[in-house]
Amino acid sequence: MTDAKTPYVGYMNPPQHARFKKGKSGNPRGRPRKRDGLNTVLHRVLDRKVSIKNEDRKIPIREALIRKLRELALQGDKQALALQRQILTDAGYDEPAETSQDERDKVFKKAADALREYMLAKEKTNDGKE
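These notes cover the structure that comes with them. (Residues numbered from 1 in each chain as written. Predicted model: local features only at pLDDT ≥ 70, side-chain atom pairs only at ≥ 80, totals over all residues. Heavy atoms only, no water.)

On to the packing of helix α1 (residues 38-47) against helix α2 (residues 61-74), then. Interaxial distance between α1 and α2 falls to 6 Å at its minimum, and their mutual angle equals 75 degrees. Of the possible angle classes, the one that applies to α1 and α2 is roughly perpendicular. Mapping the contact onto sequence places His43, Val45, Leu46 and Asp47 in α1 and Ile61, Arg62 and Leu65 in α2. Looking at side-chain class alone, the contact of α1 with α2 contains 4 nonpolar, 1 polar and 2 charged residues. (Axes fitted to C-alpha atoms, helices over the stretch in contact; angles between N-to-C directions. Helix = DSSP H or I, 4+ residues; strand = E, 2+ residues; numbered from the N terminus. Parallel < 35°, antiparallel > 145°, perpendicular 65-115°, else oblique. Contact = heavy atoms within 4.5 Å. Nonpolar A, V, L, I, M, F, W, Y, C, P; charged D, E, K, R; others polar.)

So, in structure tokens, the structure goes:
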């Protein structure tokens, strides 16, 4: 019934002209790349290194941001102090739950005052050297 010249065409046997050609992929562009998530992009940006004024070394952006936040908090910026407190809490460096908010505020104020005095003293000693 069937000729020897015409091969069987049907289930799992496509016609000769529709079959994959040798040496050519059936998916030439390949699988699409996975899109980066927000966390991946954020970490990539924060890990990038930037140079510091008056210094030859480079530090990651995340460290530069924390240093700037510390400077603003030491200058008395209440929003910077609150943000710094929130970062410390999120990182797990907060006080035990037994202390009240007033006690924590006193501790942070005392630490900020001590750091401010230290920075002023350091600045005065640097002025004398120049």
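So, on to helix α3 (residues 78-91). Compared with an ideal rise of 1.5 Å per residue, which puts 14 residues at 20 Å, α3 spans 20 Å between its outermost C-alpha atoms and is within 8% of the ideal. One side-chain oxygen at the N-terminal end of α3 lies 3.1 Å from the backbone nitrogen of glutamine 79; it belongs to aspartate 77. Positive backbone phi, approximately 95 degrees, marks glycine 92, located one or two places after α3. (Expected span 1.5 Å × (residues − 1). Polar contact = N/O pair within 3.5 Å; in protein donor to acceptor, adjacent residues only side chain to side chain.)

Now for the pattern of salt bridges. Opposite charge on two side chains permits them to pair, given that their charged atoms come into close proximity. Scanning the entire structure with this criterion turns up 7 salt bridges. Among the salt bridges present, the one from arginine 62 reaches aspartate 47, with a minimum N-O distance of 2.8 Å. With arginine 62 in helix α2 and aspartate 47 in helix α1, the pair connects residues that are 15 residues apart, well separated along the chain. One salt bridge in this structure joins arginine 57 and glutamate 55, with 2.9 Å as the shortest N-O distance. On the accessibility criterion, glutamate 55 (37% relative accessible area) is partly exposed. When salt bridges that share partners are traced, they join Lys109, Asp113 and Arg116 into one network. (Salt bridge = Lys/Arg side-chain N within 4 Å of Asp/Glu carboxyl O. Buried < 20%, exposed > 50% of the residue type's maximum accessible area, 1.4 Å probe, protein only.)

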